[in-house]
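Each chain is listed here by its residues.
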Amino acid sequence: MDRYQRQMMLPEIGVEGQQKLADARVLVVGAGGLGATLLPQLVGAGVGFIRLCDDDEVALHNLHRQTLFTMQDLGHSKAARAQQALLQRNPEVQIEVVPRAIGASDLPHLLTDIDLVIDAADNFAVTYQLSDACLATQIPLISASVLGRQGYVGGFCGSAPSYRALFPRLPASAANCNTAGVMGPAVATLGAMQAQMALSVLLDLQPSPLGSVINCDFINWHMRAFRFDGAEEPENSVPFIDEQLLTKDDCIVELRAVEEAPVSVANIVERVLPQAIADWQPPQDRRIVLVCASGIRAAQAASVLEARGFTRLAMLAAKRP
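Residues numbered from 1 in each chain as written. Predicted model: local features only at pLDDT ≥ 70, side-chain atom pairs only at ≥ 80, totals over all residues. Heavy atoms only, no water.

What about the sheet that holds strand E12 (residues 313-317)?
Worth spelling out the cut-off: Two strands pair if DSSP finds at least two bridges between them. Here a strand is any run of E in DSSP of at least two residues, a helix any run of H or I of at least four, and the numbering for each starts at the N terminus. The criterion used for residue contact is that any of the two residues' heavy atoms lie within 4.5 Å. Each axis is a line fitted through C-alpha atoms, and for a helix only the stretch in contact is used; angles between axes span 0 to 180 degrees, taken between their N-to-C directions.
Pairing within the open sheet is parallel, and its 4 strands lie in the order E10-E9-E11-E12. With partners counted over all chains shown, the strands left at the sheet margins are strand E10 (270-271) and E12, one partner each. Where strand E9 (residues 251-254) lies against E10, 2 bridges are found, and the strand directions are parallel. Each residue of the ladder has a partner; that of Val 253, found in E10, is Glu 270. The strands touched by helix H10 (residues 296-307) are strand E11 (288-292) and E12; relative to E11, the strand with the most contacts, the crossing angle is about 150°.

See below:
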């Protein structure tokens, strides 16, 4: 226990708390910028089991913020290289790697025996899928997002409302680190805050971070925290699904032009550009699955169809072919 002596000195942790961390099982989705900070913190604190999901490879433009990796990791699996780096830091923990993209169909299996989920993917479609799954299973979810020099971190599900209760609608634009840029210290700060929230949940420290959000503005140097314990779950919500959950009876609507996505998620799809959705006549007896790259256009199209009375809807965020 010498490794954890300094944190065990805290009366709210002690031997009992350290054992809670050793017994904890955590699912972390994303080994990028947020994960580069939060994962070493979890491993350093002695979290006993981490299931780590990431399908990406380390690239040179990652290194300014993904400080878990080095030049020797370029071109290799982030999940696998993160596992190596973390076990070098603490061989007492167990790191299980899932080096592929995950979707709604994977979550029932991935959440088996998991006590806490950490969303470090910084991807709207992934966040909503994780939140929906965590709400159904009453598993706490810690989620964060950062862009430029601003971001937020929050605790959802478990004993608190879900991400959808606070953010029932997707944002209007799909800006991300790849398109709008980000500063490494901003990402690291939010990742560290995720780790602190996660440890607080695992240790059952009060007040709980579940039901709270902290907004961080490193442009104007403002931090604002608020609670949303009373937020109501939306009565109707359009779920994100993945390709494995498509059925032969679905009406699959590809919202991307052929130039953007010459190959869609299925052999038979209807091509309807977003600006034409208001005039499109959907089938009345089939589920409508709206497909785009990030989920933003799908969510906007779903809103239009909901306003027209259609309720059998789903969204699918597809990677570029």
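From this point, things continue past the structure.
A few points about the state of the cysteines
In plain terms, the rule: When two cysteine sulfur atoms lie within 2.5 Å, the pair is treated as a disulfide.
In total, this model carries 0 disulfides according to the counting rule given. Unpaired in this structure, Cys 157 has its nearest cysteine sulfur neighbour in Cys 134, at a distance of 5.2 Å. A disulfide-free cysteine, Cys 251 has its sulfur positioned 16 Å from the sulfur of Cys 292, the nearest such atom.

Brief notes about the packing of aromatic side chains
By convention here, two paired aromatic rings are described through the distance between centres and the angle between planes. For the record, the criterion: In this analysis, rings of Phe, Tyr and Trp, with Trp reduced to its six-membered ring, are considered paired at centre separations within 6.5 Å, and the interplanar angle assigns stacked below 30 degrees, edge-to-face beyond 60, and tilted for intermediate values. We call a charge positioned over a ring when the NZ of a Lys or the CZ of an Arg lies within 6 Å of the ring centre and within 35 degrees of the ring normal.
Under the criterion given, the structure shown has 7 aromatic pairs. An angle of 40° between the planes, with centres 5.8 Å apart, marks the rings of Tyr 152 and Phe 167 as tilted. You can see Tyr 152 sitting in strand E6 (residues 150-156) and its partner Phe 167 sitting in the loop between helix H7 (163-166) and helix H8 (177-180), a full 15 residues away along the chain. Aromatic side chains Tyr 163 and Phe 167 sit 4.8 Å apart centroid to centroid with 45° between the ring planes, which places their arrangement in the tilted category. Grouped by ring-pair contacts, the aromatic residues Tyr 128, Tyr 152, Phe 156, Tyr 163, Phe 167, Phe 228 and Phe 240 constitute a single cluster. The aromatic ring of Phe 49 is capped on one face by Arg 25, whose charged end is 3.9 Å from the ring centroid.

Thoughts on the pattern of salt bridges
As a reminder of what qualifies: Every case where a carboxyl oxygen of Asp or Glu lies within 4 Å of a side-chain nitrogen of Lys or Arg is listed as a salt bridge. Think of it in three bands: with a 1.4 Å probe and only protein chains considered, a residue is buried below 20% of the maximum accessible area for its type, exposed above 50%, and partly exposed in between.
Evaluated as defined, the whole model comprises 12 salt bridges. Residue Glu 96 is joined to Arg 51 by a salt bridge in which the shortest nitrogen-to-oxygen separation is 2.6 Å. Of this pair, Glu 96 sits in strand E3 (residues 94-98) while Arg 51 is found in strand E2 (residues 49-53), placing the two residues 45 residues apart along the sequence. In this structure, the salt-bridge partner of Asp 106 is Arg 100, at a minimum N-O distance of 3.2 Å. A relative accessible area of 40% means that Arg 100 is categorised as partly exposed.

Some points on the pairing of strand E7 (residues 212-217)
If a strand is regular, its side chains alternate between the two faces of the sheet. Pairing between E6 and E7: 5 bridges, direction antiparallel. Following the sheet pairing, Gly 151 is matched in E7 by Cys 216. In terms of strand pairing, E7 meets strand E8 (residues 222-227) through 6 bridges, oriented antiparallel. Of the residues in E8, the one forming a bridge with Cys 216 is Met 223. Here E7 hands over to E8 after 4 residues, with Trp 221 in that stretch at a positive phi of 60°.

Let's talk about H10
This is how it is decided: Take the residue count of a helix, subtract one, and multiply by 1.5 Å to get its expected span.
The first and last C-alpha atoms of H10 sit 17 Å apart over 12 residues, in line with the 16 Å expected at 1.5 Å per residue. In the core, the buried residues of H10 are packed alongside helix H6 (124-137), E11 and E12. Backbone geometry just after H10 places Gly 309 at a positive phi near 100°.

Considerations on the UniProt feature "domain: Rhodanese" (unreviewed entry) in the protein
We apply this condition: UniProt positions are given in the numbering used here, feature names are shortened, and annotations may be inferred rather than shown by experiment.
The feature "domain: Rhodanese" (unreviewed entry), as annotated in UniProt, sits at residues 273-319 in this numbering. The span residues 273-319 is 26% helix and 21% strand, and its two end C-alpha atoms sit 17 Å from each other.

Structural notes on the sheet that holds E2
Sheet architecture is open: 8 strands sit in the order E3-E2-E1-E4-E5-E6-E7-E8, paired in mixed fashion. If you trace the sheet from one side to the other, it starts and ends with E3 and E8, each paired once. Adjacent strand axes in the sheet meet at a mean angle of 15° when their direction is disregarded. Most of the contacts of helix H4 (residues 78-89) go to E3, to which it runs at about 175°, and overall it touches E2 and E3. The strands that helix H9 (residues 184-202) touches are strand E1 (25-29), strand E4 (116-119), strand E5 (141-147), E6, E7 and E8; relative to E5, the one it contacts most, it runs at about 170°.

Points about the nonpolar core
This is how it is decided: Throughout this description, the term nonpolar core refers to a set of buried Ala, Val, Leu, Ile, Met, Phe, Trp, Tyr and Cys residues connected via side-chain atoms within 4.5 Å.
Among the nonpolar cores identified, the biggest contains 48 residues, and Val 28, Leu 38, Leu 42 and Ile 118 are the most heavily contacted of them. When residues of this core are traced back to their parent elements, those giving at least two are E1, helix H3 (33-45), E2, H4, E4, E5 and H9. Per element, the largest residue contribution to this core is 10 residues, and it comes from H9. Sequence-distant contacts of Ile 118, defined by excluding residues within four places in its chain, comprise Val 26, Leu 27, Val 28, Val 29, Leu 38, Leu 42, Ile 142, Gln 194 and Ala 198. The next biggest cluster of nonpolar side chains, apart from the first, holds 46 residues, and it includes Leu 27, Phe 49, Tyr 152 and Ile 296.

With respect to H3
Note that an α-helix has 3.6 residues per turn; residues three or four places apart therefore point the same way. Helix length check: H3, at 13 residues, gives a terminal C-alpha distance of 19 Å against a target of 18 Å (1.5 Å per residue), a fit within 8%. Listing the buried residues of H3 in full gives Gly 33, Leu 34, Gly 35, Ala 36, Thr 37, Leu 38, Leu 39, Pro 40, Leu 42, Val 43 and Ala 45. Positioned one or two residues after H3, Gly 46 has a phi angle of 95°, which is positive.

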